[in-house]
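So the chains spell out like this:
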Amino acid sequence: GDAVPFYGARQAGIITPAQDRLHFVAFDVITGKKAELLAMLEAWTAAAARMTAGLDAGTIGAVGGIPEAPPDDTGEAIGLPASGLTLTIGFGPGLFRDAGGKDRFGIADRKPQALADLPHFPGDAIDPRISGGDICIQACAHDPQVAVHAVRNLARIGMGVVSVRWSQLGFGRTSSTSVSQDTPRNLFGFKDGTANLKAEETALLDDHLWVKPGDGPEWMAGGSYLVSRKIRMIVETWDRTSLVEQETIVGRTKGTGAPLTGKAEFDEPDFAAVDGEGEPVIALEAHVRLAHHSQNSGARMLRRGYNYVDGSDGLGRLDAGLFFISYQRDPHRQFVPVQTALARKDVMNEYIRHVSSGLFACPPGLVAADDHWGRALL
Ligand code: HEM
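Keep in mind the model is a prediction, meaning the values are calculated, not measured. (Residues numbered from 1 in each chain as written. Predicted model: local features only at pLDDT ≥ 70, side-chain atom pairs only at ≥ 80, totals over all residues.)

Trainee: Give a detailed account of the overall build of the chain, specifying residues and quantitative values.
Mentor: Along the backbone of the chain there are seven helices and nine strands. Taking 2.2 N^0.38 as the reference for a compact globule, 378 residues should give roughly 21 Å; the C-alpha atoms of the chain span a radius of gyration of 21 Å, in line with that estimate. Considering the chain as a whole, with its 378 residues, one finds that 44% of them fall into the buried category. Residue pairs at least 24 apart in sequence account for 74% of intrachain contacts in the chain once pairs closer than 6 positions are excluded. (Helix = DSSP H or I, 4+ residues; strand = E, 2+ residues; numbered from the N terminus. Rg over C-alpha atoms; globule rule 2.2 N^0.38 Å. Buried ≥ 20, exposed ≤ 12 C-beta atoms within 10 Å, placed from the backbone. Contact = placed C-beta atoms within 7 Å.)

Below, the structure written as structure tokens:
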């Protein structure tokens, strides 16, 4: 039930030990007036600081105001603790130039190169209606009601300035972002997050996670870029696949999560090892080989995804999968080469489909209580 500090040099929700629940939302900015956008971001910041501390979104509260006015909090989190809530903001490419190429807020010259559109990957089945967006909020908490309450109140405050473009609920974090956490499992039943970047690996985080001064525009120094990919898993097909085939596809065992060349979860995979017939023990198309930094010019990322089930699809199948989130210093040098390798060769592709995509620039954290989310950029 503890609160995660809202203010700090880094935004919370990136290396914060991954909470159990996610509500991710992407907004379109529907005003052309910079002053309105700034005022909303200021109001959002105040509400976010309060909600992450376990308080109502507004200073009057859900039931403290005059009965004739709509309350400044929606009320469904009354009595609930902060539940580790973090609210992480990111800015999408459309804020700098809209779909028609217009620079609505006079900030096109501040657009980082890292925010250039992701390429189309082989096999992509991206639905634009659940992709992209001008602003994202990643709300994570141990209680889904708390995460949903936060997103709902930000949407309420933003009425007339932003509209919800798409949103996604997630459960059962599929990553550990700290050595203090056990590795959870994704819906294929495998441990996910074993070889992730961890909060304690500060030198690696400096090289691979946090944007450095000089990487691009100054307002992003100390921030990170977020890639979201909603990946549908065809779990019914996976469940008819033999255990040995599943383990060959991943390159790790299902039980302990050890690499096929090792005994314990955190043993380093040995990609050079061959069996009695001279075949590689970890297949050339195994997911962990294709995704490993040794095969991708050293590229690493911090994965922070969640499982999702959006009911069923009307064809007798669960509409389920992985809402993949990764944070990195430059998506075009990290996510893109890894996903290119996976899209071309990963045998797992027979069981998954990427259906949504997002790219957002998440600025550094707010240090002073009078600062707000819009100031450095706008
Ligand atoms: C590792 C599953 C998509 C990047 C792993 C592992 C599993 C897994 C079970 C091994 C445990 C671990 O180290 O975390 C999945 C599933 C996916 C998926 C089920 C889709 C539904 C992706 C995507 C990317 C990615 C889209 C990035 C483009 C990685 C990386 C590793 C990894 C970098 C660590 C490799 C290493 O250094 O050993 N994944 N993954 N994965 N995955 Fe994925």
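Trainee: Give me the lowdown on the pairing of strand β4 (residues 162–173), citing residues and values where you can.
Mentor: As defined by bridge partners, strand β1 (residues 21–29) adjoins β4 across nine bridges and the pair is classed as antiparallel. Looking at the pairing, Phe24 lines up with Gln168 of β4. Where β4 lies against strand β7 (residues 306–312), two bridges are found, and the strand directions are antiparallel. Along β7, the bridge assignment pairs Arg173 with Tyr306. (Pairing = 2+ DSSP bridges.)

Trainee: Tell me what's going on with helix α2 (residues 144–157), and back it up with residues and numbers.
Mentor: Counted at 1.5 Å a residue, the expected span for α2 with its 14 residues is 20 Å, and the 20 Å between its end C-alpha atoms agrees. Among all positions of α2, only Val146, Ala147, Val148, His149, Ala150, Val151, Arg152, Asn153 and Leu154 are buried. For α2, the elements touching its buried residues are β1, α1 (34–52), β2 (86–91), β3 (135–141) and β4. (Expected span 1.5 Å × (residues − 1).)

Trainee: Before we move on, can you summarise the site of the ligand with the specific residues and values?
Mentor: Near the ligand you find 27 residues, and of these Phe190, Thr194, Ala195, Ala291 and Gln339 are the closest. Those elements that place two or more of their residues in the shell around the ligand are β5 (224–233), α6 (287–291), β8 (318–328) and α7 (335–345). Top element by residues in the shell around the ligand is α7. It accounts for four residues. Residue classes in the shell around the ligand are distributed as 15 nonpolar, eight polar and four charged. (Near = placed C-beta within 6 Å. Nonpolar A, V, L, I, M, F, W, Y, C, P; charged D, E, K, R; others polar.)

Trainee: Tell me what's going on with the environment of Ala116, and back it up with residues and numbers.
Mentor: Following the sequence through the fold, Ala116 ends up in the loop between β2 and β3. Expressed as a C-alpha distance, the spacing of Ala116 and Leu359, which sit 243 residues apart in the sequence, is 8.7 Å.

Trainee: Could you give me a rundown of the environment of Tyr225, with the residues and numbers involved?
Mentor: You can see Tyr225 is positioned in strand β5. A residue is classified by how many C-beta atoms lie within 10 Å of it, and Tyr225, with 26 of them, is buried. A C-alpha to C-alpha distance of 25 Å links Tyr225 and Asp370, two positions 145 residues apart in sequence. Apart from residues lying up to four places away in sequence, Tyr225 is in contact with Ala114, Tyr327, Gln328, Asp330, Pro331, Leu359, Ala361 and Cys362.

Trainee: Any chance you could break down the environment of Trp219 for me, citing the residues and the numbers?
Mentor: Looking at the secondary structure, you find Trp219 in the loop between α3 (202–208) and β5. Considered as a pair, Trp219 and Cys362 are 143 residues apart in the sequence and their alpha carbons are 9.9 Å apart.

Trainee: Let's hear about the nonpolar core: which residues, and what values?
Mentor: Within the largest apolar cluster, 85 residues are counted, with the highest numbers of intra-cluster contacts made by Leu85, Ala139, Ala147 and Ala150. In terms of residue count, the dominant contributor to this core is α1 (seven residues). Those residues in contact with Leu85, other than ones at most four positions away along the chain, are Val4, Met51, Thr52, Ala139, Ala141, Val146, Ala147 and Ala150. (Core = buried A, V, L, I, M, F, W, Y, C linked by C-beta atoms within 7 Å.)

Trainee: A description of α7 should follow, citing residues and the corresponding values.
Mentor: Among the residues of α7, those classed as buried are Phe335, Val338, Gln339 and Leu342. Taken end-on, α7 shows its buried residues confined to a sector of 95°, consistent with a single buried face. Buried residues along α7 sit against β5, α6 and β8. (Arc of directions from axis to C-beta.)

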